[in-house]
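So you can see what is in the structure, the chains are spelled out below.
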Amino acid sequence: VAANSAGIKLTGVIVAEQVKGQREFMIGARMDPVFGPVVLVGDGGKYVEAMPDLQVLMAPFSASDVEKALSRLRIAPLLAGVRGEPPLDVHAFCQSAIAVGQLMADEKLGISQLDINPIMVGGPGQGCRVLCHLRRQCAAAFLPHPRPAVLPHQPRARSDRAVGRLRSADPD
């Protein structure tokens, strides 16, 4: 009614569930020419660039590896719940990170990089949800465009020498 009175013609409606979680996280990934699939996990939301709190994982990795990485974040104490909040569903987030690592490792898909932010992580058993906002300025990424939204990966031989020089930041 308000649209009609303002002279706006509506052609459809989007009905979506309002998603609420306890904490925003992020998962980013890229295909590194030397190390292969590299996945970032960490604190997400709108301040991810201003106050980065991230850890790096090299695929393939396990849920235990993701949990260790999360334990090294500055926000790690929040995972167990603070001041009466329930703990976060870390297991669901770990499974999401593993799935991203597997996607990146599948050379048939040709994914060069991806970023998922925010991922809303809920309490125990609530899982995590990816929020997607379609904005006018990024809508071109979904249309035929000379610069694709997902850049194709060009497989390159990995250097065992370079990988051999990697040292774990983990004291274990």
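Reference entry: report on the structure contained in this document. Starting afresh in each chain, residues are numbered from 1 along the sequence in its written order. For this predicted model, a pLDDT threshold of at least 70 governs which residues receive local features, and a threshold of 80 or more governs which side-chain atom pairs are given and counted, while totals over whole chains, interfaces and linings are taken from all residues. The side-chain numbers reported here are obtained from all heavy atoms of the structure, hydrogens and water having been left aside.

A separate point is the packing of aromatic side chains. Only centres within 6.5 Å qualify two rings of Phe, Tyr or Trp (six-membered ring in Trp) as a pair; their planes then separate them into stacked at under 30 degrees, edge-to-face at over 60, and tilted for everything else. Scanning the entire structure with this criterion turns up 1 aromatic pair. Taking 5.0 Å as the distance between ring centres and 45° as the angle between the ring planes, the aromatic pair formed by F25 and F93 counts as tilted. One end of the pair, F25, is in strand β1 (residues 23-32); the other, F93, is in helix α4 (residues 90-105), with 68 residues separating them in the sequence. A run of DSSP states H or I qualifies as a helix once it reaches four residues; a run of E qualifies as a strand once it reaches two. Both are numbered from the N-terminal end.

Here the focus is unusual backbone geometry. Between A59 and the following residue, P60, the backbone shows a cis peptide bond with an omega angle of 0°. Along the polypeptide, P60 turns up in the loop between β3 (54-58) and α2 (63-71). Cis geometry is adopted by the peptide bond preceding P118, which originates at N117 and carries an omega value of 5°. In this fold, P118 is placed in strand β4 (residues 113-121).

The next thing to look at is the side chain of D89. If you trace the backbone, D89 turns up in the loop between α3 (76-79) and α4. Burial classes: relative accessible area under 20% of the type maximum marks a residue as buried, over 50% as exposed, and values in between as partly exposed (1.4 Å probe, protein chains only). The convention is simple: Lys and Arg are positive, Asp and Glu are negative, and His and the chain ends are not counted. By definition, a salt bridge exists where a carboxyl oxygen of Asp or Glu is found within 4 Å of a side-chain nitrogen of Lys or Arg. For the buried residue D89, which engages in no salt bridge, the nearest side chain bearing the opposite charge is R129, 11 Å off. Distance and chemistry together define a polar contact, namely a pair of N or O atoms within 3.5 Å, with one atom able to donate a hydrogen and the other to accept it when in protein, and with adjacent residues in sequence counting only for side-chain atoms on both sides. Polar side-chain contacts of D89 include one of 3.2 Å to the backbone nitrogen of A92.

In this section: α2. Within the sequence span of α2, burial applies to V66, A69 and L70. The buried residues of α2 all sit within an arc of 100° when viewed along its axis, so they share a single face. Taken together, the buried residues of α2 touch β1, β2 (36-43), β3, α3 and α4. In this description, the arc belongs to the directions extending from the helix axis to the C-beta atoms. In this description, contact between two residues means that some pair of their heavy atoms is separated by no more than 4.5 Å.

Below, the discussion takes up the nonpolar core. Take the buried residues of types Ala, Val, Leu, Ile, Met, Phe, Trp, Tyr and Cys, join any two whose side-chain atoms come within 4.5 Å, and each joined set is a nonpolar core. Membership of the largest hydrophobic core comes to 30 residues, with the highest contact counts inside it found for V41, V66, L70 and F93. Residue assignment for this core shows that the elements contributing at least two residues are β1, β2, α2, α4 and β4. With 8 residues, the top contributor of residues to this core is α4. In contact with V66, not counting residues within four places along its chain, are L57, F61, F93, C94, A97 and I98.

Think of a 1 Å grid over the protein atoms and nothing else: a 1.4 Å probe that fits but is trapped marks a cavity, an open set flanked by protein within 12 Å on at least five of seven lines marks a pocket, and residues with an atom within 4 Å of a point count as lining. Grid points are joined across faces, edges and corners, and a volume is the space filled by probe spheres set on the points. Scanning the entire structure with this criterion turns up 1 cavity of 30 Å³ or more. In terms of lining residues, the largest cavity is bounded by F25, L70, L79, L88, V90, F93 and V121. Asp, Glu, Lys and Arg are counted as charged, while Ala, Val, Leu, Ile, Met, Phe, Trp, Tyr, Cys and Pro are counted as nonpolar; the rest, among them Gly, fall into the polar class. Grouping the amino acids of the lining of the largest cavity by side-chain chemistry returns 7 nonpolar, no polar and no charged.

What holds strands together in a sheet is hydrogen bonding between their backbones, with the strands either parallel or antiparallel. Being paired, for any two strands, means DSSP has found at least two bridges between them. As summarised here, the arrangement of the 5 strands in space is β3-β2-β1-β4-β5, forming an open sheet in which the pairing is antiparallel. Strands with a single pairing partner mark the edges of an open sheet, and in this sheet they are β3 and β5 (128-130). Adjacent strand axes in the sheet meet at a mean angle of 25° when their direction is disregarded. One ladder, built from 3 bridges, connects β4 with β5; its direction is antiparallel. In the sheet register, V121 faces β5, and the bridge partner there is C128. Along the sheet, α4 contacts β1, β2, β4 and β5; its crossing angle with β1, the most-contacted strand, is approximately 20°. Only the contacting stretch of a helix is used when fitting its axis, a line to C-alpha atoms as for every element, and angles between N-to-C directions run 0 to 180 degrees.

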